[in-house]
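What the coordinates show
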Amino acid sequence: MLKHQEIIDRLTLAQKAALMSGRTTWETVDFEEEGVPSIFLSDGPHGIRKQEGAGDHLGLNASVPATCFPTAATLANSWDQDLLEEVGSALGAEANKLGVNVVLGPGLNIKRNPMCGRNFEYYSEDPYQAGKMAAAMIRGIQSQGVAACPKHFAANSQELKRMSSDSVVDERTFREIYTTGFEIAVKEGQAKSIMTAYNKINGIYANEDRHLLRDILRDEWGFDGFVVSDWGGSNNHVLGVENGSHLEMPSTGTVGQRELIDAVASGRLNEAELNERVDEFLDVILELAEADKVTVDMEAQHRLAQKAARESIVLLKNEDNILPLSPKTKVALVGEFASEPRYQGAGSSLINPSKLDKTIDIIKDYDLDVLGVAKGYERTDMANQVLVSEAVELSKKADVTLLYLGLDEISESEGLDRHHISLPTNQLTLLDELSKVTDKIIVVLSAGSVVDLNWDVKVKGLVHGYLSGQAGAGAMLDVLTGLYNPSGKLSETYPLAISDVPSSLDYPAQGDYSLYREGLYVGYRYFETAQTPVKYPYGYGLSYTNFAYSDLVILENGVRFTLTNTGNCAGSEVAQLYIGAGASNLYRARKELKGFAKVYLEAGESQQVFIGFDDKTFRYYNTLTRRFEVEAGVYDIMLGSSVSDIRLTGQMAQEGTTENIPELDLPSYYTASVLNVPDEEFARLLGRSVPKENWIKGQKLRINDALSQMAFAKSGLARLVARILRRLLARAEKNGKPDLNLLFLYNMPFRALAKMTGGNIDMAMVEGILTIVNGHFWRGLSQTFKAFRQKRKADRALVAKKV
Ligand code: BGC
């Protein structure tokens, strides 16, 4: 007996099928008489992007003003679960007020490579931290009667060809690195919905992966919410529904509905399976539709955005204690970002902020003597000697130059991976010139993902604000002037060179397959094990005070130690617990984060801190028994101020399994030499052969090839379309503003024509279009036209049935 059997009995097959696709870009279908409400879904992770009027997915139509909080990459640096819950709750309240039932976030994909265009939207390179941050955010959002929707489940690590790329990853890495964060988010956050990733995982689209959506998500983790495809990410809707996905978004008109009706009629889909999906879906939406309305104080939201930004700022360098600035310091304010802040990313998370603080406007409220303001560089990377000279002249007169640098909007965006991690050249030139006239430069950095920081030898101070939201300017000034003692720590490693990162050799993967050859060695797991030096390690961040660690006691259920603030001002420390399994039979990272605590201490104060163990502390995924196990042995217990600044160590014996430990011939992995693992060895890790690229330029295009691949199509017309697309993209790049709809098109596979056109095109028509693209214009045209007529007939028949 299903939970909502009564309602389901009242629904026709056509109605049940209709429920599994959206009604518009953001809404689901409703059947009022039968008691089925519609719900509204909106982005996104750090602010509500509710479009006014007709929704157009990536935002040509303006969205309603909303509070733009710091992005996920920023908030993670606070390492403060209470803060994330508070921000989540504020987001949930705004969603509730705007009539949004599902907030499409948080995003918690693992930062496999620093060049992923969406890293600014994700928390960390570490699954434990990402999961804890996400769970807190989800609890907050859901406390306001709306659902959170953690995304993109799973192994979604690049933007290039994001809707068709196949993430080839071994099972142990998949479970330990790419799904553990989601597990924590689901179990500890009790998420009511989840969004599947666009990509395939080992050959199967995430949205059709029964093992992922039923075995792992529902049966193992106890998820009882609904699964929604990413927008346009439903490949085969019937397979999606059959394997555990509930909702394809956005609307596909009657296309998705008819596909399900036909599948049931022909016996390809069991109606009982469809009923089960409808039941699970109803369970959530009935509850959401009943939520009480809340009121929101937008000024208080803005203040919370400032607090969140402040607690997430990371002080990376403070030579000669140049910070905090003393009262009345003569300051030169240099850099475009001081007047036009870079405070959020680009793409589906783009918020229309309710208000925007700018350094140039609010610096007067701080006790500083601002001698002047110089733009210093153009936002787009264009050389401008006049701007540089003005900045140099201003800096000569000042005690300190506050230099605002960072990445511009086009450098990091959904739909676009970076090709390098450098700052724009014109900014580096400016820094060079300034460093010739002053040795008192403090760089204030705005960027949502890792940048090369080797130039920091030229500066005395370096403060990283990440993408700090609409109130970030004040948060930064609070830290610079010492009103707030910085307490943020990095949630990702800053390498010395991008080539040091194991996945960089083939990133982003250009072909069909993205090979996760580095296995478990993501982020600090690699650097610490291979002992490769980095610029700034994971977990690193300075304070205006100092902390001492002492008296480690290892207990059965956790560790206890004493933390003392040994400096002369109050501050917070993020103490981190790492575990190592030195004598393991498996290949393992030297250190793995398994707990952390953010502790506030007055100057001179000491406190006993306890960090508990949990089911993740000692576990690993056993590919032979296909479950998480603890390997018997002695484990290193390490407490540190960052991953490479371990202050207290001890050891602890653990009981566990001694048999059935997978032992494979994996020398590169045992020695962490994974910059370029050979195929044969990666194949042994995968347990199957490494897939060979099966598309070569000039070959026939297939339904899941990206539109960008038309550059190599047989048809001259298709090549022309690809050229126009590329030209338009280049123009957007030159203007410094990413065109998201274009980027979406560029990476979109042909099949998505049937998923993103509101039902005007169906799969049979896409096949016809493909025939044209592959050089058979007339045949393709007649095929498309025939399919169009059939579709029209089928649509009319459905309308006649009044569904
Ligand atoms: C993004 C999602 C987003 C959705 C709706 C997709 O392109 O990948 O993160 O929630 O659009 O805007």
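One numbering rule holds for all chains: residues counted from 1, following each sequence as written. Local features in a predicted model are, by the rule used here, given only for residues with pLDDT of at least 70; side-chain atom pairs are given and counted only at 80 or more, and totals for whole chains, interfaces and linings are based on all residues. Remark: hydrogens and water are excluded; side-chain values derive from all non-hydrogen atoms of the structure.

1. Focus: the overall build of the chain
A run of H or I in DSSP becomes a helix once it reaches four residues, and a run of E becomes a strand once it reaches two; helices and strands are each numbered from the N terminus. On a plain count of helices and strands, the chain comes out with 24 helices and 26 strands. The atom set for the radius of gyration is the C-alpha atoms, and the globule formula is 2.2 Å times the number of residues raised to the power 0.38. Taken against the 2.2 N^0.38 rule, which gives 28 Å for 803 residues, the C-alpha radius of gyration of the chain at 27 Å falls within 12% of a compact globule. Within the chain, the proportion of its 803 residues that are buried is 63%. Restricting the contact set of the chain to residue pairs at least 6 apart, pairs at least 24 apart contribute 76%. Note on exposure labels: buried denotes an accessible area under 20% of the residue type's maximum, exposed denotes more than 50%, and partly exposed covers the range between, all computed with a 1.4 Å probe on protein chains only. In this analysis, two residues are considered to be in contact whenever any of their non-hydrogen atoms come within 4.5 Å of each other.

2. Structural notes on the sheet that holds strand β7 (residues 204-205)
One bridge is not enough; two strands pair if DSSP finds at least two bridges between them. Ordered by their spatial adjacency, four strands build an open sheet running β7-β6-β4-β16, and the pairing between neighbours is mixed. Two strands close off the open sheet at either side, each with one partner strand: β7 and β16 (513-515).

3. Things to note about the sheet that holds strand β22 (residues 606-612)
The sheet built from three strands is open, its strands ordered β18-β19-β22 with antiparallel pairing. The open sheet has two edge strands, β18 (547-555) and β22, and neither has a second partner. Each neighbouring strand pair of the sheet contributes to a mean axis angle of 20 degrees, computed without reference to strand direction. When strand β19 (residues 558-565) meets β22, the two strands line up antiparallel, connected through seven bridges. Residue pairing for β22: Leu 563 is matched across the bridge by Gln 607. The angle between two axes is taken between their N-to-C directions and runs from 0 to 180 degrees, where each axis is a line fitted to C-alpha atoms and a helix contributes only its stretch in contact.

4. Re the layout of surface pockets
Roughly 1,200 Å³ of internal volume is contained in the largest pocket. Taken together, 43 residues form the lining of the largest pocket, with Leu 416, Asp 417, His 419, Glu 733 and Tyr 746 sitting closest to its centre. For the lining of the largest pocket, the secondary-structure elements that each account for two or more residues are α16 (425-437), α21 (716-735) and α22 (740-747). Take the lining of the largest pocket: its biggest share by element is six residues, from α21. A per-class count over the lining of the largest pocket returns 19 nonpolar, 13 polar and 11 charged. Points on a 1 Å grid, built from protein atoms alone, make a cavity when a 1.4 Å probe fits but cannot get out and make a pocket when they are open with protein on both sides within 12 Å along at least 5 of 7 lines; residues with an atom within 4 Å of a point are the lining residues. Grid points are joined across faces, edges and corners, and a volume is the space filled by probe spheres set on the points. Throughout, the ten residues Ala, Val, Leu, Ile, Met, Phe, Trp, Tyr, Cys and Pro are labelled nonpolar, Asp, Glu, Lys and Arg are labelled charged, and all others, Gly among them, are labelled polar.

5. A look at helix α23 (residues 763-773)
Within the sequence span of α23, burial applies to Met 765, Val 766, Gly 768, Leu 770, Thr 771, Ile 772 and Val 773. Its buried side turned inward, α23 meets α21 and α24 (777-800). Where α23 ends, the next residue or the one after it, Gly 775, has phi of about 100 degrees, a positive value.

6. Comments concerning a positive patch on the surface
Excluding any residue in a salt bridge, patches collect residues exceeding 30% relative accessible area, merging like charges within 9 Å and nonpolar Val, Leu, Ile, Met, Phe, Trp and Tyr side chains within 5 Å. The protein chains shown are the only cover counted for residues, whose accessible areas, like all others here, come from Shrake-Rupley with a 1.4 Å probe. Any Lys or Arg side-chain nitrogen found within 4 Å of a carboxyl oxygen on Asp or Glu counts as a salt bridge. His is not counted, nor are the chain ends, whereas Lys and Arg count as positive and Asp and Glu as negative. Charge placement uses NZ in Lys and CZ in Arg. For Asp and Glu, CG and CD serve respectively. Residues Arg 719, Arg 723, Arg 726 and Arg 727 make up a contiguous surface patch of positive charge. Considering the arrangement of structural elements, one finds Arg 727 in helix α21. Of the residues examined, Arg 727 reaches a relative accessible area of 61% and is grouped as exposed.

7. Points about the pattern of salt bridges
What the rule picks out here adds up to 62 salt bridges. In this structure, Arg 310 and Asp 478 form a salt bridge, with 2.7 Å as the shortest nitrogen-oxygen distance. Placement of Arg 310 in helix α12 (residues 298-310) and of Asp 478 in helix α17 (residues 472-480) is noted, with a sequence separation of 168 residues between them. On the accessibility criterion, Asp 478 (6% relative accessible area) is buried. Residues Lys 791 and Asp 795 are paired through a salt bridge, measuring 2.7 Å at the closest nitrogen-oxygen approach. Within this pair, Lys 791 and its partner Asp 795 are both found in helix α24, separated by four residues, close to a single helical turn. Taking relative accessible area as the criterion, Lys 791 reaches 6% and is therefore assigned buried. Residue Asp 795 is classed as buried on the basis of its relative accessible area of 16%. A single network of salt bridges, built from pairs that share partners, joins Arg 210, Arg 214, Arg 218, Glu 273, Glu 276, Arg 277 and Glu 280.

8. Quick word on the environment of Val 534
Mapped onto the elements, Val 534 comes out in strand β17 (residues 534-536). Among residues more than four places away in sequence, those in contact with Val 534 are Thr 493, Tyr 494, Pro 495, Leu 496 and Phe 527.

9. Here we look at the packing of aromatic side chains
Aromatic pairs are defined between Phe, Tyr and Trp rings, using the six-membered ring for Trp, whenever the two ring centres lie within 6.5 Å; interplanar angles under 30 degrees are classed as stacked, those over 60 as edge-to-face, and all others as tilted. Counted according to the given criterion, the structure contains 23 aromatic pairs. Centroid distance Phe 226 to Phe 281: 5.1 Å. Interplanar angle 85 degrees. Geometry classified as edge-to-face. Residue Phe 226 is located in strand β8 (residues 226-228), and its partner Phe 281 is located in helix α11 (residues 271-288); the two are separated by 55 residues in the primary sequence. Across the pair, exposure class does not vary: Phe 226 and Phe 281 are buried alike. Through a chain of ring-to-ring contacts, three or more aromatic side chains come together here, namely Tyr 521, Tyr 526, Phe 527, Tyr 587, Tyr 669 and Tyr 670.

10. Details of the pairing of strand β26 (residues 645-654)
For strand β25 (residues 633-642) and β26, the ladder comprises nine bridges, and the chain directions are antiparallel. Across the sheet, residue Leu 639 finds its bridge partner in β26, namely Leu 648. Between β25 and the antiparallel strand that follows it, β26, lie two residues.

11. Some details on the environment of Pro 508
Within the fold, Pro 508 resides in the loop between β15 (494-495) and β16. Using a relative accessible area of 8% as the deciding quantity, one classes Pro 508 as buried. Sequence separation of Pro 508 and Leu 315 is 193 residues, and the distance between their C-alpha atoms is 30 Å. Excluding residues that lie within four positions of it along the chain, Pro 508 makes contacts with Gln 158, Leu 160 and Asp 417.

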